[in-house]
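Structural description and commentary
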Amino acid sequence: MRIDIITVLPEMLEGFTNQSILLRAQKKGLAEIHIHNLRDYTLDKHRRVDDYPYGGFAGMVMQCQPIDACITALTSERHYDEIIFTSPDGDIFDQPTANTLSMCQNIIILCGHYKGIDYRIREHLITKEISIGDYVLTGGEIAAAAITDAVIRLIPGVIGDEQSALSDSFQDGLLAAPIYTRPAEYKGWKVPEILLSGNEAKIKDWEMTQSIERTKRLRPHLLNSDFDNE
Ligand code: SAH
């Protein structure tokens with residue numbers, strides 16, 4: 001899978017995408033992440049990519065020309081399954097969306113800045129708008145990083161123990177059960193007896209009961225929604 005991220009702050013994303021799981025995915029040839037500096041596409045001689053909004057509103061707006069030039073350069077090279085804009089008013093990012101995106105070949109993620117981007121880009125070029133939550137960030141980079149991380153770790157082979165991605169919270173519409181490691185007792189705090197019993201069937205039952213109980217208590221909406229297991 002290939003992800004192209006368009007940003008005015010490439011350094012912010014380069015650090016993030018060259019660490020840990022994302023670095024490993026790229027080294028293994030399972031993912032390609034390309035970061036594009038929007039300023040490389042502006043025709044403005046001072047490399048500006050923003051201008052004042054029509055209507056006298058406060059703040060600055062990212063202009064059509066550099067965004068269009070960058071997206072057009074990418075789409076003339078290959079087909080993109082989605083051209084995503086990160087936006088607080090987009091669809092809230094969740095695990096089913098991450099699952100769907102992880103099956104794409106190529107996606108573009110455009111990071112907004114300032115007051116946002118000229119609305120015509122959203123109307124004419126963007127195919128999907130994603131928010132990472134009901135709060136406002138300064139720019140789309142943190143959202144792009146969150147989406148990239150959540151999507152790439154789902155690609156088979158990226159995480160060493162594949163079972164580990166499948167048993168994560170949300171993956172089956174339920175939160176994960178509590179987990180423990182050695183020692184079995186620390187400062188008098190004990191690991192649940194059942195986990196030390198070696199009885200696999202009982203341990204599975206315990207895990208499922210815990211998952212359901214935690215989901216009911218912490219994310220009841222997951223139990224009532226049609227969770228889409230892609
Ligand atoms: N004026 C805009 C907010 C601009 S914030 C509004 O009221 O909707 C600047 C940029 O940060 C946005 O264009 C977007 O790309 C990014 N951003 C901010 N909050 C975000 C969120 N919750 N999810 C995804 N992207 C976000």
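Bear in mind that the values here come from a model prediction, so they are computed numbers and not experimental data.

Cut-offs applied
- Residues numbered from 1 in each chain as written.
- Predicted model: local features only at pLDDT ≥ 70, side-chain atom pairs only at ≥ 80, totals over all residues.
- Heavy atoms only, no water.
- Helix = DSSP H or I, 4+ residues; strand = E, 2+ residues; numbered from the N terminus.
- Contact = heavy atoms within 4.5 Å.
- Areas by Shrake-Rupley, 256 points an atom, 1.4 Å probe, with all protein chains shown as cover.
- Lys, Arg positive; Asp, Glu negative; His and termini not counted.
- Charge placed at Lys NZ, Arg CZ, Asp CG, Glu CD.
- Domains from an automatic or database assignment.
- Pairing = 2+ DSSP bridges.
- Axes fitted to C-alpha atoms, helices over the stretch in contact; angles between N-to-C directions.
- Near = heavy atom within 4 Å.

A short note on the overall build of the protein
Per the secondary structure count, the protein includes nine helices and nine strands. Overall size of the protein, expressed as C-alpha extent along the three principal axes, is 70 × 40 × 35 Å. Contacts in the protein between residues far apart in sequence, at least 24 positions, make up 75% of those at least 6 positions apart. Accessible surface for the protein amounts to roughly 13600 Å². Of this, 52% is attributable to carbon and sulfur atoms. Positive and negative side-chain charges of the protein, numbering 23 and 34 respectively, have mean locations separated by a distance of 6 Å.

Concerning the domain arrangement of the protein
For the protein, the assigned domains read domain 1 (2-152) and domain 2 (175-228). Here the C-alpha centre of domain 2 lies 37 Å away from the C-alpha centre of domain 1.

As for the sheet that holds strand S1 (residues 2-7)
Pairing within the open sheet is parallel, and its five strands lie in the order S2-S1-S6-S5-S7. Here the strands that pair on one side only, and so sit at the sheet edges, are strand S2 (32-37) and strand S7 (128-131). Across the sheet, the mean angle separating the axes of adjacent strands is 30 degrees when strand polarity is ignored. As paired strands, S1 and strand S6 (residues 106-110) are joined by five bridges and run parallel to one another. Residue Ile3 lies in a different strand from S6, and its bridge partner there is Ile107. Each of S1, S2, strand S5 (82-92), S6 and S7 is contacted by helix H6 (residues 141-152), which is oriented at about 175 degrees to S1, the strand it contacts most.

Thoughts on the site of the ligand
Within the structure, the ligand sits among 20 residues, and Thr86, Gly112, Lys115, Tyr135 and Leu137 are positioned closest to it. Out of a free accessible area of 560 Å², the ligand has 85% covered by protein chains. Put simply, the parts of the chain that give the shell around the ligand at least two residues each are S5 and S7. No other element matches S5, which puts four residues into the shell around the ligand.

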